[in-house]
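Here's the letter readout for the chains.
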Amino acid sequence: MPHINGAIIHHGNTDSKTTTAPDRFPPHASCFTWNGAPCQGEQPEVHSLRRRADPLFNRRKGSVLAVAAVTAALGLVPVGTAQAAACNWQQTAWELPVLGTNGTLHASDGGRYGVGTTGRRSTSWPFDLKDMRETLWDNGKIVLQLPLNGPVVSDVNSSGLMVAYTTVNNTLTAATVSRTGTTTALPSDPNWAGSSAAVINNAGDIAGTAQVGTKNILVVWPANAPGTYRELPLPASGYLHLVDIDEQGTIVGSNDSGGFVTDSNGVWHTLAAQGSNGKGTPSAIRDGRIVGSIDSDASYAAAEWNTQGSLVRTITNGAIEAKAIGGNGTVGGLTFSGSTSRSVLWRDGVVSDSLSAVPSTFKVSAISTDEKTLIGTDGARPAYYTCS
């Protein structure tokens with residue numbers, strides 16, 4: 001096992017085994033549940049199993065199916081009136097490795113870089129993925145595959161710098177990974193039982209989690225003070241999952257109490273929700289605009305919030321969740337068309353492009369600044385859809 005106390009490991013494009021996380025930390029964790037499975041960057045099979053046991057997901061699933069049935073029966077159309085598509089969207093499937101059959105996108109910078117996992121589907125029962133490797137794409141081309149059981153990557157910025165966790169002296173440790181595979185441990189407190197870096201912005205600000213006792217805390221490694229970190233005063237939580245950080249350093253995520261937003265100084269707010277047992281769940285933030293979903297015992301909707309956690313709008317009548325924001329304010333997410341979920345674009349809560357010519361298998365996860373490129377996963381591999 002490499003030893004990187006304040007040092008560096010060079011992984012590069014090699015097949016050598018480097019680090020192995022303890023069994024209680026399955027692959028692809030970028031936040032800690034500590035008594036359960038990881039909560040970001042999981043393989044689809046693992047993520048699906050967790051969601052089946054998640055009461056919030058099951059509540060949304062029940063509401064979604066019920067409304068979908070009514071929508072299909074009545075022939076209703078999702079939110080607003082879809083305008084004529086402004087773009088002829090053309091697909092570019094991302095590269096897979098030789099012998100690779102599947103690729104999953106964890107995150108992208110909204111333009112050049114994307115990170116995820118590639119592998120090959122077994123031809124025999126249980127048809128699981130094998131030889132899964134953390135992968136960096138540059139304009140859809142593979143430029144780096146990390147070793148099996150190496151660092152687990154969760155996000156990337158426009159410089160190609162990735163954030164991850166790795167194992168140092170049998171302790172899960174937050175780290176960065178360069179586009180050439182150089183892994184560098186981030187500074188940590190010896191009182192932490194472990195740490196993990198989850199999200200990064202283009203300036204290089206990093207946010208992640210650390211375990212203190214039985215709870216998890218929010219940690220920031222600021223780009224303007226290399227070698228330092230700050231523990232933010234978000235209440236310690238058994239479950240802490242970070243999903244995004246914008247260029248202003250504002251962080252969004254979820255904890256035991258639901259969705260939250262916090263600035264880099266630790267001034268935080270719970271995301272407003274509606275209905276009985278309502279919870280807001282963020283998916284992305286851009287320049288202070290937060291998008292995600294709201295679920296209650298009786299309903300579900302896509303939603304937008306401001307940095308005070310106040311609701312700006314909800315999108316209903318089939319809208320499931322908002323996933324991404326473009327540079328001009330377009331929001332991408334999932335909605336029902338009949339009984340099928342598919343990606344769609346909204347402006348000010350109204351459908352601006354139904355993406356009717358884009359397959360329903362495509363799930364948007366990012367929109368470029370100029371809004372001419374949609375990034376996501378199409379079936380079993382990442383893909384771009386570009387406007388022409």
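The present account deals with the structure reproduced in this document. Computed from a predicted structure; not experimentally measured.

With respect to the overall build of the protein chain
From N to C terminus, the protein chain includes two helices and 29 strands. The burial tally for the protein chain puts 52% of its 388 residues in the buried class. Long-range contacts, defined as pairs at least 24 residues apart, comprise 48% of the intrachain contacts of the protein chain with a sequence gap of at least 6.

Describing the pairing of strand E13 (residues 215-221)
Buried residues dominate E13, accounting for six of its seven residues. Note: strand E12 (residues 206-212) against E13, seven bridges, orientation antiparallel. Paired with Ile 206 across the two strands is Trp 221, which belongs to E13.

Observations regarding the sheet that holds strand E17 (residues 258-262)
One open sheet holds the four strands; their spatial order is E15-E16-E17-E18, and the pairing between them is antiparallel. Every other strand in the sheet has two partners, leaving strand E15 (240-245) and strand E18 (268-270) as the edge strands with one partner each. Each neighbouring strand pair of the sheet contributes to a mean axis angle of 25°, computed without reference to strand direction. Pairing geometry for E17 and E18, over three bridges, is antiparallel. When the sheet's bridge partners are listed, Phe 260 is paired in E18 with Thr 270.

Let's talk about the packing of aromatic side chains
Applying the stated criterion to the full structure yields five aromatic pairs. Through a chain of ring-to-ring contacts, the aromatic side chains of Trp 94, Trp 137 and Tyr 384 assemble into a single cluster.

Describing the state of the cysteines
Inspection of the entire model under this criterion finds one disulfide. Two residues share a disulfide in this structure: Cys 87 and Cys 387, whose sulfurs sit 2.0 Å from each other. Looking along the S-S bond of the Cys 87-Cys 387 disulfide, the torsion reads about -85°, which is the left-handed sense. One end of the pair, Cys 87, is in the loop between helix H2 (55-74) and strand E2 (89-93); the other, Cys 387, is in strand E29 (residues 381-387), with 300 residues separating them in the sequence.

Quick word on the sheet that holds strand E11 (residues 194-200)
Across the sheet, four strands lie side by side as E11-E12-E13-E14; this open sheet has antiparallel pairing. Each having just a single partner strand, E11 and strand E14 (230-237) make up the two edges of the open sheet. Averaged over all adjacent pairs, the angle separating strand axes in this sheet is 25°, with direction ignored. Across six bridges, the pairing between E11 and E12 is antiparallel. Residue pairing across strands places Ser 196 opposite Thr 209, the latter belonging to E12.

Details of the side chain of Ser 283
Among the secondary structure elements, Ser 283 is positioned in strand E19 (residues 279-286). On the basis of relative accessible area, Ser 283 is assigned to the buried category, the value being 18%. A distance of 3.2 Å separates the side chain of Ser 283 from the backbone oxygen of Ala 322, its partner in a polar contact. If sequence neighbours within four positions are ignored, Ser 283 has contacts with Val 243, Val 291, Gly 292, Glu 321, Ala 322 and Lys 323.

A word on the nonpolar core
Core analysis: the biggest nonpolar cluster contains 12 residues, these being Ala 198, Val 199, Ala 207, Leu 218, Val 220, Leu 232, Leu 234, Leu 240, Leu 242, Ile 245, Ile 251 and Phe 260. Among the elements of the structure, E11, E13, E14 and E15 are those that each provide at least two residues to this core. Element by element, the count of residues in this core is highest for E15, at three residues. Apart from residues lying up to four places away in sequence, Ala 207 is in contact with Ala 197, Ala 198, Val 199, Leu 218, Val 219, Val 220, Trp 221, Leu 242 and Ile 251.

A word on the pattern of salt bridges
One pass over the structure, following the stated rule, counts six salt bridges. Of the charged contacts, one joins Arg 120 and Asp 131 as a salt bridge, the two residues approaching to 2.7 Å between their closest N and O atoms. Residue Arg 120 is located in strand E4 (residues 113-121), and its partner Asp 131 is located in strand E5 (residues 129-138); the two are separated by 11 residues in the primary sequence. We classify Arg 120 as partly exposed; its relative accessible area is 33%. A salt bridge links Arg 179 to Asp 138, with the shortest nitrogen-to-oxygen separation between them at 3.1 Å. Here Asp 138 lies in strand E5 and Arg 179 lies in the loop between strand E9 (171-177) and strand E10 (182-185), a separation of 41 residues in the sequence. Take Asp 138: its relative accessible area is 11%, and that puts it in the buried class.

A word on unusual backbone geometry
Even without being glycine, Asn 277 reaches a positive phi, approximately 55°. Structurally, the position occupied by Asn 277 is in the loop between E18 and E19. On the basis of relative accessible area, Asn 277 is assigned to the exposed category, the value being 52%.

Side note on the pairing of strand E6 (residues 141-145)
Of the strand pairs in this sheet, E5 and E6 are connected by four bridges, and their pairing is antiparallel. By the bridge assignment, Thr 135 is partnered in E6 with Gln 145.

Observations concerning the environment of Thr 270
Relative to the assigned elements, Thr 270 resides in strand E18. On a C-alpha basis, the gap between Thr 270 and Phe 260 in space is 4.3 Å, while along the polypeptide they are 10 residues apart. Residues in contact with Thr 270, not counting those within four places in the same chain, are Gly 259, Phe 260 and Gly 309.

Rules used in this analysis
Residues numbered from 1 in each chain as written. Predicted model: local features only at pLDDT ≥ 70, side-chain atom pairs only at ≥ 80, totals over all residues. Heavy atoms only, no water. Helix = DSSP H or I, 4+ residues; strand = E, 2+ residues; numbered from the N terminus. Buried < 20%, exposed > 50% of the residue type's maximum accessible area, 1.4 Å probe, protein only. Contact = heavy atoms within 4.5 Å. Pairing = 2+ DSSP bridges. Axes fitted to C-alpha atoms, helices over the stretch in contact; angles between N-to-C directions. Phe/Tyr/Trp six-rings, centres within 6.5 Å; stacked < 30°, edge-to-face > 60°. Disulfide = S-S within 2.5 Å. Polar contact = N/O pair within 3.5 Å; in protein donor to acceptor, adjacent residues only side chain to side chain. Core = buried A, V, L, I, M, F, W, Y, C linked by side-chain atoms within 4.5 Å. Salt bridge = Lys/Arg side-chain N within 4 Å of Asp/Glu carboxyl O.

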